[in-house]
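# Geometric and topological summary
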Amino acid sequence: MRVPLSWLREYVDLPAGETGRDVQAKLVSAGLEVETVEQLGAGLKGPLVVGRVLAIETLEGFKKPIRYCQVDVGQANGSGEPQNIICGATNFAVGDKVVVSLPGAVLPGGFAISSRKTYGKVSEGMICSAAELDMSDDHKGIIVLPPEYEVGTDAIELLELVDEVLDIAVTPDRGYCLSLRGIAREAATAYGLPLRDPALLDVPAPNAHGYPVQVADRIGCDRFTARTVTGLDPEAHSPIWLRRRLQKAGMRPVSLAVDVTNYVMLELGQPLHAYDRSRVSGTIGVRRAEPGEKFTTLDGTKRVLDAEDLVITDENGPIGLAGVMGGANTEIADAQTDPETGAVQGTTEVVIEAAHFDTVSIARTARRHKLSSEASRRFERGVDPEATSAAAQRTVDLLVLLAGGTAEAGVTEIVAPSAPRTITVRADHPDRVAGVVYGRETVVRRLQQVGCDVYGADTLTVTVPSWRPDLRDPNDLAEEVIRLEGYENLPSTLPQPPAGRGLTERQRLHRRVGRALAGAGYVEALNYPFIGAEVLDQLGLAADDPRRDVVSLVNPLSDAEPALRTTLLPGLLVALRRNDGRGTRDLALFETGLVFRATGDEPPAVILPVDHRPSGEELAALNAALPRQPRRAAVVLAGAREQAGWWGKDTPVSWADAVEAGRIVARAAGVELIVRQDQQDPWHPGRCAALLAVVDGQEILVGNAGELHPRVTKALGLPERTCAMEIELDRLERAAPGPVQSPHVSSFPVATQDVALVVDASVAAADVEVALRAGAGELLESLRLFDVFTGEQLGEGRKSLAYALRFRAPDRTLTAEEASAARDAAVAAAVERTGAVLRGA
């Protein structure tokens, strides 16, 4: 909402020295968000005067029209002689009054005016357009003034070029501030000054002689006022003061009737509409639209209406989309001159509509048709229903004054029965909410300043004013008292946290995993937890894959991603693709977070109360309606694992790096992973590993790792051989032996034994590793596969696996015999379980 300070002063006698910045500070203290204070006319310097065009000479030989004009500026130039001015505009003629900047003037933007030679003539000033004076963005032509203004009049004062405009961001609950009346009320309260309410008008009582109106939907439209003005001068134009106020408020002047309705809307906050009476047939009605009914709005768009749309009608059908936009079929006609008779034709009779519509209905209609208007913005936030009569009367008065019209005696007013809202609140309730003792007198005074009627002693009965539909419960009233007393006066009190034991084990694991992956060179990439069906198709997930059982959002941020993620991979892969497309080829990204897995057995969610804290049963019912939310970690890799340099070629990432990422996560949880070959979407069937852990003596799947399927990389636009790993942290936590212990550094030396075993090619290295660990016993500190060899000397279908075994005792130095015995026991176990043969034996 743009509020000119000069306009605001009409309703509140602000101190003479108050600047826009001072008013901004007061309004911000009262809880309004004043974003900027625009200084109109900053740097503007005269002489800037009204001139009359005496003669026009068109200069030939140029690519665009150039006119050499003689302009009478009176005694403003000190000599009384006409000014000779070059001008490229063609929208004025001899005898027109224009705005002239004389040499020595400085226009907005620091543009200095001087006499200069151009187009072979000396130009002694400039004839100004609205854009050059920073009045609007209109570059189409210069300003042509009404003929009644005298030559030589100061145009800076005439056009109100110097002003301050406050740009206020109005929150949805403060709809009354979308008007000068509402802002003036806040300013009057902030300064402790009286308010001249522009809605306090003498309004005639409704009678049976007004324009016929029939409201079929009293819920959608609970108040409708109609007034008629006849005898309008079709040639009448909006005066300069009216046009300037609209321009400063951010609206474009159109025609007198439209400008007046817009002006009253800005002044009182009540949207209005003026219909050309000659184009309205019969009774005006308010009803819901017929399904599929068609209607053309003022913007020229033909719209198909919905059954929930509220429309204004006459005998021929819709003439307006209620509370949003009028119809083209009853638009106010522009004045036109008949070429044969010379008579001026245009709208001479108007029917003025001032109505109050249901906020939800208007909001849905505006969004359904993607048609946000100044009227719909106000109805969505709440309009004062008691202001309709005053707004209609104000419009009638202005049309009579400015267009020479006559107000018909008939007044139509349809009002649905309603009672003012009352709220019962304890007098000390704001004290208890704010932690400050205000006292009853302060509470009553502040509520009365808001416009409430207050009765009672310890318990107050508060009648809410009609323009504050947002005041619905005691907390709303407490907020009004607190904001008017000043948020800055509230004491700063640090909350006392309850005693606890710090982070839970789940939270500690989450942090350890993040630190471990970051330490291994991965970069964390946090993504939105939303996915769509398209990315699940691109991952190649089967129709019965549990990851397709998504939880859909009722109000998603994007129609393309309407569901909560069931896997972390889509977000990470999109991030990898984005970075790869921007030239970063070697990538290692990770993310830890929740996924959402619905079982289908969740009960419907309960609606929690807002007037008191939910009970334990209500919170338990709400939690029961939530899907499972396991915590996971995932990584994606592409490009080179090691950069190329003088030391040699680069090393591209492979499935083994993804598996190692899983081991890094497992080590952070204190769990030893078991790795086996697997087939799982979206991984390559021959380069996919299952990551398993032992829980209660049984192996459970905790994740997968490997290289993505080529079809997936192609569908998602990823680099070739992209690898990924995803692991469930909650299952790792179950497999952990307990809190992670700090590593023990032994003072005794390690004994290293290497062993190479020949097995069938079908035997997994992980199975051999499990057998070696089982046979080696407690002395085994670590085991690592460091070589895999195949060749003719081993025979077809055979391979050699070489392991490095590290033995250490916690209390002594191992002898060679003890280390060899442990190695032999490990080999024996591998021979027995896997059919291995010691290489070279």
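See the structure above.
Here is what the cut-offs are and how they apply
- Residues numbered from 1 in each chain as written.
- Predicted model: local features only at pLDDT ≥ 70, side-chain atom pairs only at ≥ 80, totals over all residues.
- Heavy atoms only, no water.
- Helix = DSSP H or I, 4+ residues; strand = E, 2+ residues; numbered from the N terminus.
- Rg over C-alpha atoms; globule rule 2.2 N^0.38 Å.
- Buried < 20%, exposed > 50% of the residue type's maximum accessible area, 1.4 Å probe, protein only.
- Contact = heavy atoms within 4.5 Å.
- Axes fitted to C-alpha atoms, helices over the stretch in contact; angles between N-to-C directions.
- Parallel < 35°, antiparallel > 145°, perpendicular 65-115°, else oblique.
- Left-handed = near helix turned anticlockwise from the far one by under 90°.
- Expected span 1.5 Å × (residues − 1).
- Core = buried A, V, L, I, M, F, W, Y, C linked by side-chain atoms within 4.5 Å.
- Phe/Tyr/Trp six-rings, centres within 6.5 Å; stacked < 30°, edge-to-face > 60°.
- Lys NZ or Arg CZ within 6 Å of the ring centre and 35° of its normal.
- Pairing = 2+ DSSP bridges.

## Quick notes on the overall build of the chain
From N to C terminus, the chain includes 21 helices and 45 strands. On C-alpha atoms alone, the chain measures out to a radius of gyration of 40 Å, which is more than a quarter above the 28 Å that the 2.2 N^0.38 rule sets for 841 residues. Considered along the principal axes of its C-alpha atoms, the chain spans approximately 120 × 80 × 55 Å. Residues classed as buried in the chain amount to 46% of the 841 residues present.

## Remarks on the environment of Val23
Within the secondary structure layout, Val23 lies in helix H2 (residues 20–29). Spatially, the C-alpha atoms of Val23 and Leu5 are 8.7 Å apart, while their sequence positions differ by 18 residues. If near-sequence neighbours (up to four positions away) are discounted, Val23 is found in contact with Leu5, Leu8, Leu14, Glu18, Leu166 and Tyr191.

## As for the packing of helix H20 (residues 765–776) against helix H21 (residues 816–834)
Two elements in contact, H20 and H21, have axes separated by 7 Å at closest approach and are oriented at 135°. As far as their axial angle goes, H21 and H20 are oblique. The crossing of H20 and H21 is right-handed. Here Asp767, Val768, Val770, Ala771, Leu772, Ala774, Gly775 and Ala776 of H20 come into contact with H21, specifically with Ala822, Ala825, Ala826, Val827, Ala829, Ala830, Arg833 and Thr834.

## Quick notes on helix H9 (residues 388–403)
Taking 1.5 Å of rise per residue, the 16 residues of H9 would be expected to cover 22 Å, and the 22 Å separating its terminal C-alpha atoms lies within 8% of that figure. H9 sits mainly inside the fold: twelve of its 16 residues count as buried. Once H9 ends, the next one or two residues include Gly404, with phi positive near 70°.

## Some details on the nonpolar core
Among the nonpolar cores identified, the biggest contains 56 residues, and Leu8, Leu27, Leu166 and Ile168 are the most heavily contacted of them. In this view, Leu27 contacts Leu32, Val34, Leu166, Ile168, Ile183, Glu186 and Ala187; residues no more than four positions away in its chain are not counted. Ranked by size, the runner-up nonpolar core spans 34 residues in total, among them Tyr522, Val671, Leu673 and Ala735.

## Topic: the packing of aromatic side chains
Evaluated as defined, the whole model comprises six aromatic pairs. Consider the rings of Trp241 and Tyr263, whose centres lie 5.6 Å apart with planes at 85°: the pair is edge-to-face. Residue Trp241 is located in helix H5 (residues 240–248), and its partner Tyr263 is located in helix H6 (residues 256–268); the two are separated by 22 residues in the primary sequence. A relative accessible area of 30% means that Trp241 is categorised as partly exposed. One aromatic cluster is present, formed by Trp7, Trp241 and Tyr263 through successive ring pairs. One residue, Lys26, lies across the ring of Tyr191, its end atom 5.3 Å from the ring centre.

## Topic: the sheet that holds strand S22 (residues 325–326)
Pairing is mixed in the open sheet, where five strands are placed in the order S14-S17-S20-S21-S22. Whereas interior strands pair on both sides, the edge strands pair on one side only; in this sheet they are strand S14 (213–215) and S22. Note: strand S21 (residues 317–321) against S22, two bridges, orientation antiparallel. Bridge pairing in S22 places Gly320 opposite Gly326.

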